[in-house]
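Each chain, written out:
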Amino acid sequence: MSRMLTFNIFKYNPLDKNDKPKLQTYEIEETPGMTMFVALNYIRDRLDHTLQFDFVCRAGICGSCAMVINGVPTLACKTLTSSYKDGNITLLPLPVFELIGDLSIDTANWMKDMSKDIQSWIHTNEQTDINKLEKPMDPKVADDVFELDRCIECGCCVSACGTKRMRPNFKGAVALNRVARYEADPRDQRTDEELFEIIGDDNGVFGCMSLLGCDDTCPKHLPLQTKIAYLRRKMVKEGLK
Amino acid sequence: MKIFYTDTLVIGGGLAGLRVAIATKKAGFKTTVLSLVPVKRSHSAAAQGGMQASLANSVMGKGDNEDVHFEDTVKGSDWGCDQKVARMFTQVAPKAIRELTAWGVPWTRIIQGSKEVIINSQKTTITEELESHGLIASRDFGGTKKWRTCYTADATGHSMLYAVANEAIKNDVTILEKKEAVKLIYKDDVCYGAVVKDLMNGKISAYLAKATVIATGGYGRIYEASTNAVICEGTGAALALETGVAKLANMEAVQFHPTALVPSGILMTEGCRGDGGILRDVDGYRFMPDYEPEKKELASRDVVSRRMTEHIRKGKGVPSPYGDHLWLDISILGREHIEKNLRDVQEICINFLGIDPADEGVWIPVRPMQHYSMGGIKVDYTGQSPHLKGLFSCGEAACWDLHGFNRLGGNSVAETVVSGMIIGEYVVKYCQNHNLEFDTKLANDFMKEFDTQQDMILARVCKIDQKFNDKNIYDIRDRMRKIMMDKVGIFRTHNELQEALDELKELLKLSDGVYIRSDMKSANPGLIDTLRVKKMLKLALCITKGALLRTESRGAHTREDYPKRDDENWLKRTITSWKDGCDEPIVEYEDIDIMEMELAPGFRGYGKKGNIIEHPNSAKRLKEVEQIKQNNPDKDRFEIQKMIMPYPLPKKYQEKNERVGIGYE
């Protein structure tokens, strides 16, 4: 018989006026290689059909299942129950984002607004003829762009951000990383001056207090610290012009 | 209960749905995309290996073109595909790659010069030419003659999905997330939109549209073990089926991948075995050479999956709380090789299992799992249902019929965008020629019908201290998944399929009487799952009945009692429909005419030889095609192709594709 796990899970339905936020306790038996994905589905299937949470890929690539596990924002699907030695696991929804219910949050609208805000697409005046050979791109540059393109918009960086708590309109590392991604991409013709318009203020790169909760919690290990510093230097230069 | 109006309603926000939405929005039509989840989290993101398109940039892709890609695809399909559709697809695939490049996909690029690669377990040196430097690279994949699969490291689907989703945002496509289409609105043989449930607040609304496009992906989660994301429950195909008007095709064509991680089902790339990894059983014994002395672990996907299942059935599987599995041993390749070439496999094992497969004697638990749904909503080459007008479908949800009975790796993510581009144009045409019809009574009736359906489920609320045993929807779902895995899986026999059909019918009946824990219309996963499982059961019945009736083995459909591919009797598409009140689907067939084929049926070039019951027309057509080629020695490959099998295509995609060094030849 393997050990028993105690889950304390945040339960609250904001649509139910009589409901109050609480921690609900569930006890389940641990199985080998058990992840939070396996555990939460077991709880919902066997113990509580009303428990709300989000998983899609369950492979650490889609970013749906970010939650606060024993105090740290991370992806639930790739977190093993065995990494919690005393068998006590507390699950809370990510802060900052609007709560749908229990562990389920609405990242969709937040991330869509962010994408519109920083205009998260290639800006160019060039017309592409799709019948013609593509333009060559330096292989190293393509790799560098891909490195930053790996962000899965899970929201961990935003919910771990001290600045975000103080400045509700702070764009967060997810947005700054996106800007860095387009800045590195030669296909995007935006100038530094144009980028300054997007991130050159306290809600952008100058708001960051370098507490680096983003860098600590990013499940894709994106170089957030380096890239925010890089953008800040670039934007200072632009601002002093 | 509100009613909304849009020109195009796209159900499903993965690559296929978003690409159609971009086409209709750019043509000036009001376009609304509904998605269960934030669109960037769609299962399209899970396509890792790459996208097939015959760019022929790499030295290993030289000589590749639409013709070679077409042949590979038809052979892969075991001649079950629609060859005209395969032509449309291979013609547009290079354009799709180049469009995605303009939208920002950072494809991995070719570096000029020599590099060492492993081909057939042998170290080999290849040299890329200067003129290819910086062009899009491609890698080798199963069932392809050339290195044709374009990729972005190992996150191809992710980078494609982000580029396409951002393009949709840029074009102001209305994207509504956490919305589930629960019923199509239709009258006679015309579709007018869908009833939609908001998954956040439970509210019901109707979306009326000129054209409704279902792009909801596959039905992998009907099976106990699947590599698919948890949202791939096939509910989009079920929406169409439940109309009783629209029909599904080739539902029994289900692909299994040999090495999925146990229990999570995450795919372990074929590269593990390609690089020399081996499979072991409960005794640590390497069993594949006993079954396949020549190819061993490197036989084709369907063969390895079949052998593994056979071995587990003999009692040689490794018992675990998640069912029996086998071992994939890559530790024999050595730490250096793994950390350099199989880094992701190693990371996944560390994250999900807490084991390092580079440690000596540490093996990865794997088992064949459901991987891809070749079947889906029956549509014609324009993506429209021939039975329910105004209803379109594309991507994995559809049976456009690019893949026939087996899909090639790299052709699925390619199909999403390519079919989105092509079908998007046909949807635009449809919108131009049709008016938006406002039948609010019809919309209200459908909304009420759905609400009544919910009320009936919610009336069976059962308090937490009462037990409901077999009247629990999650038990029914799990039983369905087990039946599908055990009896409608890789190997199929008459008796097991008949048992499965009977048991599934029983479950469908049971699903009407399930109890539920909460009587809320929102914040109630039990309600959502009850509605979905009923749909899934109907699809499971379509798959099972199709498999039962198809007394041959073709592509991924393997009948132990009918091991041959029977072109004489079974060169046909399975067409399934569902009449309201019935407990099983109606199955009909659509013939595939050999005399219209460009590539007449023959040996695939892999798999068992002499395993075909030939159709007399195959030889006849082959001769006919040869004759056309011989009689026209002065014609180029495009002109000859047109004489053999002309195919339709929107005008904007008809131009030739340029290739490095050879231009538009």
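Right above here is the structure, for reference.
To start, this report covers the structure provided alongside it. (Residues numbered from 1 in each chain as written. Chains lettered and ligands numbered in written order. Predicted model: local features only at pLDDT ≥ 70, side-chain atom pairs only at ≥ 80, totals over all residues. Heavy atoms only, no water.)

## Considerations on the pairing of strand β4 (residues 72–75) of chain A
Residue and element names in this part refer to chain A.
Piece 1. Direction of pairing for strand β3 (residues 66–69) relative to β4: antiparallel, over a ladder of four bridges. Of the residues in β4, the one forming a bridge with Ala 66 is Leu 75.
Piece 2. As consecutive antiparallel partners, β3 and β4 are separated by two residues, and within that stretch Asn 70 has a phi angle of approximately 45°, a positive value. (Pairing = 2+ DSSP bridges. Helix = DSSP H or I, 4+ residues; strand = E, 2+ residues; numbered from the N terminus.)

## Considering the interface of chain A and chain B
In many reports, interface size means the accessible area that the parts give up when they come together.
Piece 1. Counting residues at the interface gives 67 residues for chain A, matched by 81 residues for chain B.
Piece 2. In this assembly, chain A packs against chain B so that about 5900 Å² is buried in total across both faces, 58% of it on carbon and sulfur atoms.
Piece 3. On inspection of chain A and its partner chain B, the count reaches seven salt bridges.
Piece 4. The salt bridge involving Arg46(A) is made with Asp478(B); its shortest N-O contact spans 2.7 Å. (Contact = heavy atoms within 4.5 Å. Buried area = accessible area lost by both parts, 1.4 Å probe. Salt bridge = Lys/Arg side-chain N within 4 Å of Asp/Glu carboxyl O.)

## Considering the environment of Gln498(B)
Residue and element names in this part refer to chain B.
Piece 1. Tracing the backbone shows Gln 498 in helix α14 (residues 494–510).
Piece 2. Gln 498 sits in the partly exposed class, given a relative accessible area of 28%.
Piece 3. On a C-alpha basis, the gap between Gln 498 and Tyr 192 in space is 37 Å, while along the polypeptide they are 306 residues apart. (Buried < 20%, exposed > 50% of the residue type's maximum accessible area, 1.4 Å probe, protein only.)

## Considerations on the packing of aromatic side chains
The relative placement of two aromatic rings is captured by the distance of their centres and the angle of their planes.
Piece 1. Scanning the entire structure with this criterion turns up 13 aromatic pairs over all chains.
Piece 2. Between Phe97(A) and Trp110(A), the ring centres sit 5.4 Å apart and the planes meet at 70°, which makes this aromatic pair edge-to-face. Of this pair, Phe97(A) sits in the loop between β5 (88–92) and β6 (98–101) while Trp110(A) sits in helix α2 (residues 108–117), and the two are 13 residues apart along the sequence.
Piece 3. Phe97(A) sits in the buried class, given a relative accessible area of 7%.
Piece 4. Ring-pair connections join several aromatic residues into one group, and the members of that group are Phe37(A), Phe53(A) and Phe55(A).
Piece 5. When the ring centre of Phe53(A) is taken as origin, the NZ or CZ atom of Arg44(A), which lies over that ring, is 4.1 Å away.
Piece 6. In this structure, Lys572(B) is placed above the aromatic ring of Tyr589(B), and the distance from its NZ or CZ to the ring centre is 5.6 Å. (Phe/Tyr/Trp six-rings, centres within 6.5 Å; stacked < 30°, edge-to-face > 60°. Lys NZ or Arg CZ within 6 Å of the ring centre and 35° of its normal.)

## Comments concerning the pairing of β3(A)
Residues and elements named next belong to chain A.
Piece 1. Burial of β3 is two-sided: the residues Ala 66 and Val 68 facing one way and the residues Met 67 and Ile 69 facing the other way are all buried.
Piece 2. Relative to β5, β3 runs antiparallel, the two sharing two bridges. Following the sheet pairing, Val 68 is matched in β5 by Leu 92.

## A word on the pattern of salt bridges
Side chains that differ in charge, positive against negative, can pair when their charged atoms come close.
All names here are of chain B.
Piece 1. Within the structure shown, the criterion is met by 78 salt bridges over all chains.
Piece 2. Across the salt bridge formed by Glu 590 and Arg 573, the nearest N and O atoms sit 2.7 Å from each other. One end of the pair, Glu 590, is in strand β24 (residues 586–591); the other, Arg 573, is in strand β23 (residues 572–577), with 17 residues separating them in the sequence.
Piece 3. Taking the relative accessible area as the measure of exposure, Glu 590 reaches 28% and is therefore partly exposed.
Piece 4. Residue classification places Arg 573 among the buried positions, given a relative accessible area of 6%.

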